[in-house]
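Okay, here's what each chain looks like letter by letter:
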Amino acid sequence: MNRDAIIGAIQRGLKRGSLPVDQQAMLAARTALHHRHLIPARGQLDAAGRVALFAQYVEREFGTVARLPNIAAGPEAITSYLAKQNIAPSIVVSPHPDLEQIPFRDKPMLQVRYGVATAHDAVSLQHAFAGVAETGTLVLPSAPERPVKNNLLPDTAIVVVQAKDILACYEDAFDKLRDQGAMPRNVMLVTGPSRSADIEQTLELGAHGPRRLHVLIIDGES
Amino acid sequence: MLQSSEAFVGNAAKGMADAGLQRALARAKPQFAKKRQAAVDRLPEFEALRDVAVGIKNHAIANLDYYLGVYADAVERSGGVVHWCSTAEDARAAVLKICRAAGAKTVTKGKSMVTEEIGLNDYLEANGIAPVETDLGEYILQLRREPPSHIIGPAFHLNREQWEESFREHHKALSPERVFHERRDILTEARGILRETFLAADVGITGANFLIAETGSSVIVTNEGNGDLTQTLPRVHVVVTSIEKVVPNAEDCLALLRVLARSATGQDMSVYTTFSTGGRRLGDLDGPEEYHVVLLDNGRSGMVGTQFQDMLRCIRCAACMNHCPVYGAVGGHAYGATYPGPMGSVLSPMLQGIEAAHHLPNASTFCGKCESVCPVKIPLPNLMRHWREREFERHLQPVSMRYGLGLWAWFAKRPLLYRMGTRAAAVGLGVLGRKRGFFGKLPLAGGWTAGRDFPAPEGDTFFAKYQNYMRNK
Ligand code: SF4
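A quick note: this is a predicted structure, and the numbers were derived from the prediction, not measured. (Residues numbered from 1 in each chain as written. Chains lettered and ligands numbered in written order. Predicted model: local features only at pLDDT ≥ 70, side-chain atom pairs only at ≥ 80, totals over all residues. Heavy atoms only, no water.)

## A few points about the pairing of strand β9 (residues 272-276) of chain B
Each regular strand carries side chains that alternate between the two faces of the sheet.
Here comes step 1: For β9(B), the buried fraction is high: five of the five residues fall into the buried class.
Here comes step 2: What you see with β9(B) is no split at all: B:Tyr272, B:Thr274 and B:Ser276 on one side and B:Thr273 and B:Phe275 on the other are buried throughout.
Here comes step 3: In this structure, strand β9 (residues 186-190) of chain A lies alongside β9(B), joined through five bridges in antiparallel fashion. Within β9(B), the residue paired with A:Val187 across the bridge is B:Phe275.
Here comes step 4: Here strand β6 (residues 217-222) of chain B runs beside β9(B); their pairing, made up of five bridges, is antiparallel. Bridge pairing in β9(B) places B:Thr222 opposite B:Tyr272. (Buried < 20%, exposed > 50% of the residue type's maximum accessible area, 1.4 Å probe, protein only. Helix = DSSP H or I, 4+ residues; strand = E, 2+ residues; numbered from the N terminus. Pairing = 2+ DSSP bridges.)

## Thoughts on the interface of chain B and chain A
Here comes step 1: Facing 96 residues of chain B, the contacting portion of chain A comprises 79 residues.
Here comes step 2: Here chain B is connected to chain A by 12 salt bridges.
Here comes step 3: With a shortest N-O distance of 3.7 Å, A:Arg185 and B:Asp284 are connected by a salt bridge.
Here comes step 4: Counting every contact that joins chain B to chain A gives 43 residue pairs in polar contact (both at pLDDT 80 or more).
Here comes step 5: The leading source of residues in the side of chain B that touches chain A is helix α10 (residues 183-200) of chain B, at nine residues.
Here comes step 6: Of the residues contributing to the side of chain B that touches chain A, the split by class is 42 nonpolar, 29 polar and 25 charged. (Contact = heavy atoms within 4.5 Å. Salt bridge = Lys/Arg side-chain N within 4 Å of Asp/Glu carboxyl O. Polar contact = N/O pair within 3.5 Å; in protein donor to acceptor, adjacent residues only side chain to side chain. Nonpolar A, V, L, I, M, F, W, Y, C, P; charged D, E, K, R; others polar.)

## What to know about the pattern of salt bridges
Residue and element names in this part refer to chain A.
Here comes step 1: Per the counting criterion, the structure on display carries 41 salt bridges over all chains.
Here comes step 2: Residue Arg113 is joined to Asp121 by a salt bridge in which the shortest nitrogen-to-oxygen separation is 2.7 Å.
Here comes step 3: Here Arg113 falls in the partly exposed class, since its relative accessible area comes to 36%.
Here comes step 4: Classification of Asp121 as buried rests on a relative accessible area of 14%.
Here comes step 5: Ionic pairing is found between Asp165 and Lys176, a salt bridge with its closest N-O pair at 3.1 Å. Here Lys176 lies in helix α7 (residues 170-179) and Asp165 lies in the loop between β7 (156-162) and β8 (166-167), a separation of 11 residues in the sequence.
Here comes step 6: Look at Lys176 and you get partly exposed, because its relative accessible area is 22%.

## Some remarks on the site of the ligand
Here comes step 1: Residues in contact with the ligand amount to 13 residues; listed here are only the nearest, B:Cys314, B:Cys317, B:Ala318, B:Cys320 and B:Cys374.
Here comes step 2: Split by residue class, the shell around the ligand holds 12 nonpolar, no polar and one charged. (Near = heavy atom within 4 Å.)

## Side note on the layout of surface pockets
Take a probe with the size of a water molecule and roll it over the atoms, and the empty space left behind shows itself.
Here comes step 1: Roughly 1,100 Å³ of internal volume is contained in the largest pocket.
Here comes step 2: Surrounding the largest pocket, 44 residues form its lining, B:Ile152, B:Asn223, B:Thr265, B:Gln267 and B:Ser270 being those nearest its centre.
Here comes step 3: Elements represented by at least two residues in the lining of the largest pocket include exactly β10 (195-196) of chain A together with α2 (19-42), α6 (113-117), β6, α11 (226-232) and α12 (250-264) of chain B.
Here comes step 4: Per-element accounting of the lining of the largest pocket gives the leading share, four residues, to α2(B).
Here comes step 5: Split by residue class, the lining of the largest pocket holds 16 nonpolar, 16 polar and 12 charged. (1 Å grid on protein atoms, 1.4 Å probe; cavity = no way out; pocket = protein on both sides within 12 Å on 5 of 7 lines; lining within 4 Å. Points joined across faces, edges and corners; volume = space filled by probe spheres on them.)

## Here's the deal with the domain arrangement of chain B
All names here are of chain B.
Here comes step 1: As assigned here, chain B comprises domain 1 (43-300), domain 2 (302-393) and domain 3 (404-472).
Here comes step 2: Computed over C-alpha atoms, the centres of domain 1 and domain 2 are 23 Å apart.
Here comes step 3: With 32 residues of domain 1 at the interface, the matching set in domain 2 holds 29 residues.
Here comes step 4: A combined buried area of about 2,700 Å² lies between domain 1 and domain 2, and 60% of that area is made up of carbon and sulfur atoms.
Here comes step 5: In terms of surface lost to domain 2, no three residues of domain 1 exceed Arg50, Ile151 and Arg300, which account for 24% of the buried area on that side.
Here comes step 6: Between the two partners, domain 1 and domain 2, sit two salt bridges.
Here comes step 7: Residues Lys377 and Asp51 are paired through a salt bridge, measuring 2.7 Å at the closest nitrogen-oxygen approach.
Here comes step 8: When contributions to the side of domain 1 that touches domain 2 are tallied by element, the ones reaching two or more residues are α3 (46-62), α6 and α12.
Here comes step 9: The element that contributes the greatest number of residues to the side of domain 1 that touches domain 2 is α3, accounting for eight residues. (Domains from an automatic or database assignment. Buried area = accessible area lost by both parts, 1.4 Å probe.)

Okay, structure coming up:
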């Protein structure tokens, strides 16, 4: 079998057979320990510093940010953002419990559909599992309430993140993921809107994914 | 696309004489270096993180048999299937079998150098399956039937007019009257065309930047989001990747990510870094139903335990080619190999055989820049030197060259003399540039140039051409 052939060739190179059981146990322990390597200072900030750095980095990477006192301020923030961008007020919203709480009836002009984005949806509203201050990165693990297509298909992605979920470094986010159970099928770390520099080394936003990324940071509890 | 490096010397000369290519190189090269430096300057811990990265990869490779086993078992636990492939042929056949079982007619592809290495597109086409590249750069190259010239900016050698020309030629359904006012219009057209392909494809093929043993996850890094659409929309996701990409756990991967984008594009983090683990889960509203990993060896296991083991640390960031004076002069196509530049010059002889790729380890000025920017500190100049020695031992070179190399080795073992010699040569280049014959009369520089000489099918050596190029720049 190819597996044995390839493993065997590697072992010949390493000039040994399979590792003895005790060494395998050591490696298994190293793996399970989730030891953190060097974390840069900018990935070790306190809560206030984290939110500020996160927002700064989202903007640096060509995203936009609005800070809201609570999720109830969402409909107003979304309609005014879309109006300013000249985008029709129609959104597809991920069926996440936090997003289902949003009082959209306050804004009857805004068309809201809960579910999975299709190629026809121009704007999505997604829920972030976490933010990472270190590079202004959103953590979007797949789940029934967080479809992956909603991160990708619409031209404009609006993402809600709770200020308390903005963590210092990527490792914090993976600890939090593990607290929830097994590794999700798909975990996207998203830093800014889609882009390409393939044409003459010149940056253009909106290659295949969203051209605009707008992040709503919710300061209070939802 | 399967390629050959035998024609390097002639191709290099063509590259240096190609005005369009030279324009693209002049545009891209300084940008790559400047952006990387800016990213490095923004992160005081960068140097220390390079050492961390070296440590992680060395540990993974020293226990590669163990971690690959753990990885494969974890993939299977998560519902995926691993296809172990010793050769490029095995890998092509494995992909075809998956596509056939899925009844696939169209296959979308995220950017993957390993699929280039195994010549997957031509093979699928020959077997009645249409592969469509979705990375913008790969897409235009597929239209133009060209191989990539760079591992992360595959089409950077093209100018805007060439994009427009190819789009007009291939997108026949669109109005011939349309005007491309700016680059954005080119991008928008490609996005529209590829959207339809994404939605129609039966199978999506991506590569992987890392594999995580503990969780059986594959990790891709892109800026466009094409890789994510490729692996999210079709019913079947196939990861085509190679054995040296495995690391123990997520923390190891995250540490490597901190040096990858900074070294590659000068971003702190690429736009999309995505971890995939198995197929669709209960209750999921989207995602592929099947998840396959085609795990390729293709000569890599043979590097373990040799002086080329260090090369297995490579995370394909392209910093070495972005900073290489030879790459900067001849461009990527001249190498005639999947992997160009310094990393390719070490890797290609392994993949193509030293007979076919023997010019490549010679395509170096030994300036050392590649090693100094490599995030995993691969001693690239040294490894190229190893290849030269092997080639020398195998008597592949003409006798006159072997004599020259012997002389070069004599000097190389005497660092002070060698440095004096190279400095003399460098000064000679600057001051007496126009009198090429002068070099031959300097005994020290004679050793120097002889070591870099090539069999010369077009009557002139690569270095003579390179020197000429440097003068006329
Ligand atoms: S050899 Fe080093 S610099 Fe070159 S691509 Fe590989 S990791 Fe990057």
